[in-house]
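Coordinate inspection notes
This is what each chain is made of:
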Amino acid sequence: MTPFRYTRAVAAGDALRQGGQAGARYLGGGTNLVDLMRETIERPEALVDVTGLFHAIEETADGGLLIGAAATNTAVAEHALVRRRYPLLSRAIVAGASAQIRNMATVGGNLLQRTRCTYFYDNEGSRCNKRRPGEGCDAIGGFNRIHAILGASADCVATHPSDMCVALAALDATVHLGSTRGDRRLPLTDLHRLPGDRPDVETMLEPGELITAIELPPLPLAARSTYRKVRDRASYAFALVSVAAALEVTDGRVRDVRLALGGVAHKPWRAWKAEEALRGQPATEEAFTAAALAELADALPLKDNGFKIELARRTMVAVLGELAGAGA
Amino acid sequence: MSMLEDAKQAAKGMAQQAVGKAIQLAPDSWMPGGRPDPLIREQHGQIGRPVSRIDGPLKVGGQARYAAEFALDGMVYAALAYSTIARGRILAIDTKAAEAVPGVVLVMTHENAPRMNKVPLFLTDQKAAGGVDLPIFQDPEVHWNGQPVAAVLAETQEQADHARSLLRITYEEVPAITSFAGAKAKGKHPGVFMGNPLNIRIGDAEEALAAAPFRVDQAYETPRHSHNAIELHACTVAWEGDRLRVHDASQLVAHTAWSLAQVFGMEESQVHVSSPFVGGGFGGKCLWNHQVIAAAASKLVDRPVRLTLSREGVYRVVGGRTSTEQRVAIGASADGTFEALIHTGTVAMSPHNQLPEPFILPAMSVYGANAFKLEVDVAYMDMLANTFMRAPGEAVGTFGLECAIDELAEAIGMDPIDLRLKNEPDKDPVTGAPFSIREVEKMWRDGAERFGWSDRAPVASRREGEWRIGTGVAGGTYPYYRMPGGAARITLRQDGHATIDIAAHDMGMGTATAQTQVAADRLGLPMDAITFNYGDSTLPGVVLAGGSQQTASIGASVIAAHRLLVKELLQLAGNDSPLAGLSVEEVGGLDNGLASLADPLRHETYASILTRAQRGTLVVEGTPPPPLETMHWSMHSHSALFCEVGVNAVTGEVRVRRFLGSFDCGRILNPKTAASQFRGGIIMGLGMALMEETQFDERKGRIMNPSLAEYHLPVHMDVPEIDVIWTDVPDPHAPMGAHGVGEIGITGVGAAVANAIYNATGRRVRDLPITLDKLL
């Protein structure tokens, strides 16, 4: 680990001033950033600890939920309103990591998790365009069973590892950002970037910008929602494919739907095409399959991950079928 | 290993075979174990009791000090840099930035390391401990991707780690053989294991196979596995004048002391290695580069050094289980009798170690057949030396063999247990030696009854929601070994306390506990009157904690020492004792003293004997006879494994729902620690079946998942209720009637899971691990 300065922010203004300095990074639970610092993949000059700020989880005036960025994953997953109104979010969080990690990890930090690509992690022995832009990608010709099938580029095939973000993508969440230049909001689905030719730039955050909260809009159909994660062991593994979904069925037809995929792309993947294909359709396995296929039409397999296309289709269909059945 | 070495080993093997024949023909009574250990009859003592680990409170209380927990005055911390190429030379190591880091004491490379001899390679000498025999920091040559190329010493671990990251190393790469296919194309070599060629031919197996009415002939593959003991490999070393002190995490302290003495050109007595507590060994806690580097660096700075490998470091420095490609072909008559048993294949191996993963060992002893063809070939790759990992050979060999038997049973239309029992041999099928113990039928019947095997459903017929349910069985096996070199010292005090000293090991399996129980029974003392000292190279004996042989080695050593003790006690007791006139064979330990076996009332306490003889202590050291029993009898442990799995019809995910292991391992010394060994082995086997795989990138020969996040081992939720039962029938020719149980647990598990998956789904997966993509 490269030596760094550590300060603990006591107020928002203080945090933004310090975080705006060159070489500074915000520190949440440290469950990913500190690991990456140990590998010397991340070498911040200063860490500004923001875990003392923005803890609250509060209902908004319109019946949504405002979740402070420093709320721990455990606090969100266990929150009564989250469990009642957005069960998919609660399930997504507990599907990730371990209880110990969830107790430390913050919402803001979770959004900014970096990929688990093993070539990205191999700082000394492998090429990676995320770590050293332009040097090439060893994952493309190497082990890429866990890599992307959607939205990848010739420069990067990594996936975003978060479970929580997949649920947030399905929920139309908004990210609240602060900086010394002022505050702004972004739809969560616009926070993360596809790799393109700059896989080192992973989000739309500007230098010094701090995630201060996540806002969930009121979304009645999310009361019937779920998250399903498919992985290589029963717990403590990243998703090969995950599906976050909410479904409202009236008179046998899909009235509304939210659908997002994890483990398939450089960002939490909102399945806009599948949603579009489903609205107004009968809630049948055929329609679910057609919708899943529509979403996966552009999927491209690598050497080892072709199974993910089939797995994503099956998992989407099963999750939608389960939600449709639950409403019957 | 060179072709010349191969030839030398083969010649040695032939000589051994000739001696072996003579030993087989000798009378039983000439053999160690020919006269059963009197403790086999002992039914009311400590043996067989589920005694909790005697070191449990120390461990729970954090008082058990492991290798990386010795804090020595003036100690510095080490961090290693590893090569990023598979073959070539170091052109330059720029150490300036690293040396400028505050606290850095030394950057050691091949340019400034002290001159050292090569580490003696395991099995080339009785005390050789090295997993690899390449020079360490002696030249700029790179032999594998991940080889240590520099060490940084600093006042703190953090300073050393940071400085290490600032080293700039440039290489000149040369072509390397880093793909298995490329290695095989270069030519295969015959595998030689412990001096014996891995090549058995009995009859014409191919012809018999072709003529058999029922046949299975399939290819099976197993991947590389990396060692992942919970305790990272670590050592704390110090030079005390011209003596080297090593606190190691070791399963072979005496071997390590001797081997380090060879490396530094010293007398064996100048090196002291101790390892009282080890957080798991599994075959990996031997002598690798890191202890040598720590000792060399310590010598240069004249300060104690602590070196703890990072988890990545363990993957780069400590060898693992190599990959195998196996062919199993079995020809059977209509009643299931094996006409031909063929198990052949190729393993990847580095040229600098001694372990051509001997996956044919199970096929050499478990089943009878009219013709055998068993052979392991080796293809050499430029890679980290592969090494022993829990049941080397059997763990992966039983996967191919026991899956093939399942496939054959289906082809014939026979129950797979019946097919196995049909081919129970009446003597060792390869050597012809009689079995020392073989309760295989009871083991299968007991297991089948307890598991409810008769309820098994036809293939792909059970379903619960999304889950397809199936059950499967497989057999496992592991030999009884006892290696030469054992010795033990017993010190009996006048107050009736006894100390047993032996350079054996407890890597967490409960050696000290079980052996204290045994010593208590043998001496007739309560457990708290026994001190069992182990894990120190200054103690007697050269006892490897490997090959599941420690139980036998310690047992035989203590028997030898005990005989001397009893002989001396009888002499001291003299004619005034109730024991007068009795011979060594006629007495045993009882109630804090010796008693006549025929008449326990003829008894005298140790205190009484020693007091009368005016002796404060009595010290004896015994050495057991060479382990000829393993050649005179065919000595093996067996297991019958029953597995129920669920396979998700949507996702292909596999969940093991229930598992039963039924074991035939002689007498169980401590049911509590033994059950943990069985269960631990089974859990490791579940990992092998479903998830463990070292991702070796064949483009660069580099391991890509050196982390517990990406190298998957079972987590708690992957492990179901595991039931273990055993026959508990003593082996009359083994000390205490017991076999070691460290390795048998893992054998056969891969096949039991694969066979259950077939029963659930109708899909045969013949390459491990069985990940969900193979079942979609």
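Given the structure is predicted, the values throughout are model-derived calculations rather than measurements.

Things to note about the overall build of chain B
In terms of regular secondary structure, chain B is built from 18 helices and 32 strands. Dimensions of chain B, computed from C-alpha atoms along their principal axes, come out at roughly 80 × 75 × 55 Å. A buried classification covers 59% of the 776 residues belonging to chain B. Look at the contacts in chain B between residues 6 or more apart in sequence, and 82% of them connect residues 24 or more apart.

Description of the overall build of chain A
On a plain count of helices and strands, chain A comes out with 12 helices and 12 strands. Whereas a compact globule of 328 residues would reach a radius of gyration of roughly 20 Å, chain A reaches 19 Å, a difference of no more than 12%. Referenced to the eigenvectors of the C-alpha coordinate spread, the extents of chain A come out at roughly 60 × 50 × 35 Å.

Section: the domain arrangement of chain A
What the domain assignment reports for chain A is domain 1 (5–51) and domain 2 (222–327). On a C-alpha basis, the centroid separation for the pair domain 1 of chain A and domain 2 of chain A is 36 Å.

Quick notes on the environment of A:Y86
Residue and element names in this part refer to chain A. Inspection of the secondary structure puts Y86 in the loop between α4 (80–85) and α5 (87–94). Assessed through the 26 C-beta atoms surrounding it within 10 Å, Y86 is described here as buried. For the pair Y86 and L65, spaced 21 residues apart in sequence, the C-alpha separation works out to 9.8 Å. Excluding residues that lie within four positions of it along the chain, Y86 makes contacts with L171, L216, A222 and S225.

Brief notes about helix α13 (residues 511–523) of chain B
Its 13 residues place the ends of α13(B) 18 Å apart at the C-alpha level, agreeing with the 18 Å of an ideal helix rising 1.5 Å per residue. Phi for B:G524, located one or two positions after α13(B), is positive at around 70°.

Side note on the UniProt feature "domain: FAD-binding PCMH-type" (unreviewed entry) in chain A
Using the residue numbers shown here, the UniProt feature "domain: FAD-binding PCMH-type" (unreviewed entry) corresponds to residues 1–221 of chain A. Taken as a whole, residues 1–221 of chain A contains 25% helix and 16% strand, while its terminal C-alpha atoms sit 46 Å from one another.

Description of the UniProt feature "domain: Aldehyde oxidase/xanthine dehydrogenase a/b hammerhead" (unreviewed entry) in chain B
As recorded in UniProt, the sites labelled "domain: Aldehyde oxidase/xanthine dehydrogenase a/b hammerhead" (unreviewed entry) are residues 61–175 of chain B. Overall, residues 61–175 of chain B shows 11% helix and 30% strand. The separation of its end C-alpha atoms is 52 Å.

With respect to the confidence of the model for chain B
Per-residue pLDDT for chain B has a mean of 96; in total, 98% of the residues score no lower than 70. As scored by the predictor, the complex reaches a pTM of 0.97 and an ipTM of 0.97.

Focus: the sheet that holds strand β12 (residues 269–270) of chain A
Picture the strands of a sheet paired through backbone hydrogen bonds; they go either parallel or antiparallel. Residues and elements named next belong to chain A. Taken together, 4 strands build an open sheet; the order of strands is β9-β10-β11-β12 and the sheet is antiparallel. Whereas interior strands pair on both sides, the edge strands pair on one side only; in this sheet they are β9 (225–230) and β12. Inspection of the sheet shows strand β10 (residues 241–250) paired to strand β11 (residues 253–262) by 9 bridges, in the antiparallel sense. Its bridge partner lying in β11, V249 is registered against V254. Docked against the sheet, α5 engages β9 and β10, running at close to 20° with respect to β9.

Considerations on the interface of chain B and chain A
Contact with chain B, which involves 25 residues of that partner, is made by 25 residues of chain A. In terms of residue count, helix α4 (residues 157–165) of chain B provides more of the side of chain B that touches chain A than any other element does, 4 residues in total. Per-class residue counts for the side of chain B that touches chain A are 7 nonpolar, 8 polar and 10 charged.

Digging into the nonpolar core
Among the nonpolar cores identified, the biggest contains 241 residues, and B:A78, B:V152, B:L153, B:I330, B:A340 and B:V753 are the most heavily contacted of them. If you tally residues by element for this core, the top one is helix α14 (residues 550–573) of chain B, at 12 residues. Residues contacting B:A340, with those up to four places away along its chain left out, are B:A205, B:A208, B:L209, B:A212, B:I330, B:G331, B:A369, B:N370 and B:A371. Among the nonpolar cores identified, the runner-up in size contains 105 residues, and A:A173, A:I211, A:Y227 and A:V264 belong to it.

A look at the pairing of strand β25 (residues 593–596) of chain B
Residues and elements named next belong to chain B. One ladder, built from 4 bridges, connects strand β24 (residues 587–590) with β25; its direction is antiparallel. The residue of β25 that forms the bridge with V587 is S596. Linking two consecutive strands that pair antiparallel, namely β24 and β25, is a turn of 2 residues; a positive phi of about 45° is found at D591 within it. Across 3 bridges, β25 lies against strand β26 (residues 603–605) in antiparallel orientation. From the neighbouring strand, G593 faces β26, where its bridge partner is T605. The antiparallel hairpin formed by β25 and β26 contains 6 residues in its connecting segment.

Considering the packing of helix α17 (residues 671–690) of chain B against helix α18 (residues 749–761) of chain B
All names here are of chain B. For the pair α17 and α18, interaxial distance at closest approach is 8 Å and the crossing angle is 55°. Viewed along their axes, α17 and α18 adopt a mutual orientation that is oblique. Once α17 is placed against α18, the crossing between them reads as right-handed. Residues I682, G685, L686, M688, A689 and L690 of α17 lie in contact with α18, whose contacting residues are V749, G750, V753 and A754. Residues that form the contact of α17 with α18 fall into these classes: 8 nonpolar, 2 polar and no charged.

Describing the sheet that holds strand β15 (residues 305–308) of chain B
Residues and elements named next belong to chain B. What the 7 strands build is an open sheet, ordered β3-β5-β1-β15-β12-β13-β14; its pairing is mixed. Bordering the open sheet on either side are β3 (104–108) and β14 (271–274), each of which pairs with just one other strand. Here the average twist between neighbouring strands, direction ignored, is 20°. Summarising the sheet, strand β13 (residues 243–248) and β14 pair through 4 bridges and their orientation is parallel. Counterpart to V246 in the pairing with β14 is V273. Across the sheet, helix α7 (residues 253–263) lies against β13 and β14, angled at about 150° from β14, the strand it touches most.

Some points on helix α8 (residues 289–301) of chain B
Residue and element names in this part refer to chain B. End to end, α8 covers 19 Å across 13 residues, agreeing with the expected 18 Å (1.5 Å per residue, within 8%). When we look at burial in α8, the residues that qualify are N289, H290, Q291, V292, I293, A294, A295, A296, A297 and S298. One or two positions beyond α8, positive phi appears at D302, with a value near 55°.

A word on the environment of B:T673
Residues and elements named next belong to chain B. Residue position: T673 is located in helix α17. Spatially, the C-alpha atom of T673 lies 22 Å from that of L523, the residues being 150 residues apart in sequence. Setting aside residues no more than four positions away along its own chain, T673 makes contact with R53, M509, G510, T513 and A514.

Concerning unusual backbone geometry
Looking along the chain, the bond that leaves B:L768 and enters B:P769 is cis, with omega of -5°. With respect to the helices, strands and loops of the structure, B:P769 is situated in the segment after α18. One non-glycine residue, A:D251, lies in positive phi territory at about 50°. Along the chain, A:D251 falls in the loop between β10 and β11.

What to know about the packing of α13(B) against α14(B)
Residue and element names in this part refer to chain B. Following both chains from N to C, one finds α13 and α14 inclined at 30°, their axes separated by 11 Å at the closest point. If you check the angle between α13 and α14, you find them roughly parallel. Crossing geometry of α13 relative to α14 is assigned as right-handed. For the pair α13 and α14, contact is made by T511, Q515, V518, A519 and R522 and by Q550, I554, G555, V558 and H562, respectively. For the contact of α13 with α14, a count of residues per class yields 4 nonpolar, 5 polar and 1 charged.

A word on the pairing of strand β18 (residues 371–380) of chain B
All names here are of chain B. Along β18, 7 of the 10 residues are buried, which leaves the element largely enclosed by surrounding structure. Two strands pair when backbone bridges link them, and strand β7 (residues 189–190) and β18 are joined in this way by 2 bridges, in the antiparallel orientation. From the neighbouring strand, P190 faces β18, where its bridge partner is D377. Sheet topology places strand β10 (residues 199–202) next to β18; 4 bridges connect them, and they run antiparallel. Residue pairing across strands places N199 opposite E375, the latter belonging to β18.

Definitions and limits used
Residues numbered from 1 in each chain as written. Chains lettered and ligands numbered in written order. Predicted model: local features only at pLDDT ≥ 70, side-chain atom pairs only at ≥ 80, totals over all residues. Helix = DSSP H or I, 4+ residues; strand = E, 2+ residues; numbered from the N terminus. Buried ≥ 20, exposed ≤ 12 C-beta atoms within 10 Å, placed from the backbone. Contact = placed C-beta atoms within 7 Å. Rg over C-alpha atoms; globule rule 2.2 N^0.38 Å. Domains from an automatic or database assignment. Expected span 1.5 Å × (residues − 1). UniProt positions renumbered as here; feature names shortened; annotations may be inferred. pLDDT = per-residue confidence, 0-100. Pairing = 2+ DSSP bridges. Axes fitted to C-alpha atoms, helices over the stretch in contact; angles between N-to-C directions. Nonpolar A, V, L, I, M, F, W, Y, C, P; charged D, E, K, R; others polar. Core = buried A, V, L, I, M, F, W, Y, C linked by C-beta atoms within 7 Å. Parallel < 35°, antiparallel > 145°, perpendicular 65-115°, else oblique. Left-handed = near helix turned anticlockwise from the far one by under 90°.

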